[in-house]
Amino acid sequence: MGTIIRIALLAGLISLAAGCKFAPVKKSGEPVEEAPPPVAEQPAGGEKEKRYVIGEEASLDVTALSDPASPLAKRVIYFELDSSQVDEEGREIIGSHARFLAAHPELSIVLEGHADERGTREYNLALGERRAKAVKQLMVLQGVDPKQIQVISFGEERPVALDHNESAWRLNRRVEILYSGY
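Everything in this summary refers to the structure shown in the same document. Computed from a predicted model, the values in this text were never measured in an experiment.

Things to note about the overall build of the protein chain
- For the protein chain, the count of helices and strands is 5 helices and 6 strands.
- Within the protein chain, the fraction of its 182 residues that count as buried is 34%.
- Of the contacts formed within the protein chain by residues at least 6 apart in sequence, a portion of 66% connects residues at least 24 apart.
- Of the roughly 11300 Å² of accessible surface on the protein chain, 57% is carried by carbon and sulfur atoms.

Written out as structure tokens, the structure reads:
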């Protein structure tokens, strides 16, 4: 188990380092002025397409939380059976939210951990908590203040799919990111 934690910490540190921004410097030692990244751009078809900047330059735009085109609209991380390991797609979702939360310390979230119906009630509550804590740990490693994150587990108590098959169970093994007040 210690190896898994070390690997998760190392992966988080690498992700954090990859997201660092270094300002270029002129030969005279003065920083080079950089233009801020675009918030919107014009695609070839003539229709405007929204592009969201998530991170230090982003202003508090709550529409990004509900716009399906925003990476912040994805708020569910799915897990494999009996696992709290976050896959690549989940890490991308977590990264978007972590950058947004780190840039907006006035916001807070609740991470709801869930499990499918297999296993005992106690086991599923603990598994849901491990999943939510894994998401929290990745966010904290990416600069989010732990005080911005509350973890709760519902185990198997709040399924989104009620069937008793693999496709339903897959949807129920999740962590939901809920923004307080939005």
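A word on the sheet that holds strand β6 (residues 174-179)
- Pairing is mixed in the open sheet, where 4 strands are placed in the order β3-β6-β4-β5. Edge strands, defined here as strands with exactly one partner in the open sheet, are β3 (76-78) and β5 (149-155). The average angle at which neighbouring strand axes cross in this sheet is 20°, direction not considered.
- As judged from the 6 bridges shared by strand β4 (residues 109-114) and β5, these two strands associate in the parallel manner. Bridge pairing in β5 places I109 opposite I149.
- Strand contacts of helix α4 (residues 121-141): β3, β4, β5 and β6, with the helix running at about 155° to β5, the strand carrying the most contacts.

Topic: helix α3 (residues 88-103)
- With 16 residues, α3 should reach 22 Å at 1.5 Å per residue; the first-to-last C-alpha distance of 23 Å fits that figure.
- Burial in α3 covers these residues: G90, I93, I94, G95, S96, H97, A98, F100 and L101.
- Two to three positions downstream of the cap, the backbone nitrogen of E89 sits 3.4 Å from a side-chain oxygen, assigning the N-cap of α3 to D87.

Topic: the nonpolar core
- Among the nonpolar cores identified, the biggest contains 24 residues, and I77, I109, L111, V135, M139, I177 and Y179 are the most heavily contacted of them.
- Of all the secondary-structure elements, those providing two or more residues to this core are α2 (63-66), α3, β4, α4 and β6.
- Not counting residues up to four positions away in its chain, the partners in contact with I177 are R75, I77, I93, H97, I109, V110, L111 and M139.

Comments concerning the pattern of salt bridges
- The final tally for this structure, using the stated rule, is 9 salt bridges.
- Of the charged contacts, one joins E88 and R91 as a salt bridge, the two residues approaching to 3.0 Å between their closest N and O atoms. Here R91 and E88 lie together in helix α3, a separation of 3 residues that amounts to about one turn.
- A residue is classified by how much of its surface remains accessible, and E88, at 48% relative accessible area, is partly exposed.
- One salt bridge in this structure joins D116 and R173, with 3.3 Å as the shortest N-O distance. You can see D116 sitting in the loop between β4 and α4 and its partner R173 sitting in the loop between α5 (166-172) and β6, a full 57 residues away along the chain. For the pair formed by D116 and R173, the shared burial category is buried.

Basis of the calculations
Residues numbered from 1 in each chain as written. Predicted model: local features only at pLDDT ≥ 70, side-chain atom pairs only at ≥ 80, totals over all residues. Heavy atoms only, no water. Helix = DSSP H or I, 4+ residues; strand = E, 2+ residues; numbered from the N terminus. Buried < 20%, exposed > 50% of the residue type's maximum accessible area, 1.4 Å probe, protein only. Contact = heavy atoms within 4.5 Å. Areas by Shrake-Rupley, 256 points an atom, 1.4 Å probe, with all protein chains shown as cover. Pairing = 2+ DSSP bridges. Axes fitted to C-alpha atoms, helices over the stretch in contact; angles between N-to-C directions. Expected span 1.5 Å × (residues − 1). Polar contact = N/O pair within 3.5 Å; in protein donor to acceptor, adjacent residues only side chain to side chain. Core = buried A, V, L, I, M, F, W, Y, C linked by side-chain atoms within 4.5 Å. Salt bridge = Lys/Arg side-chain N within 4 Å of Asp/Glu carboxyl O.

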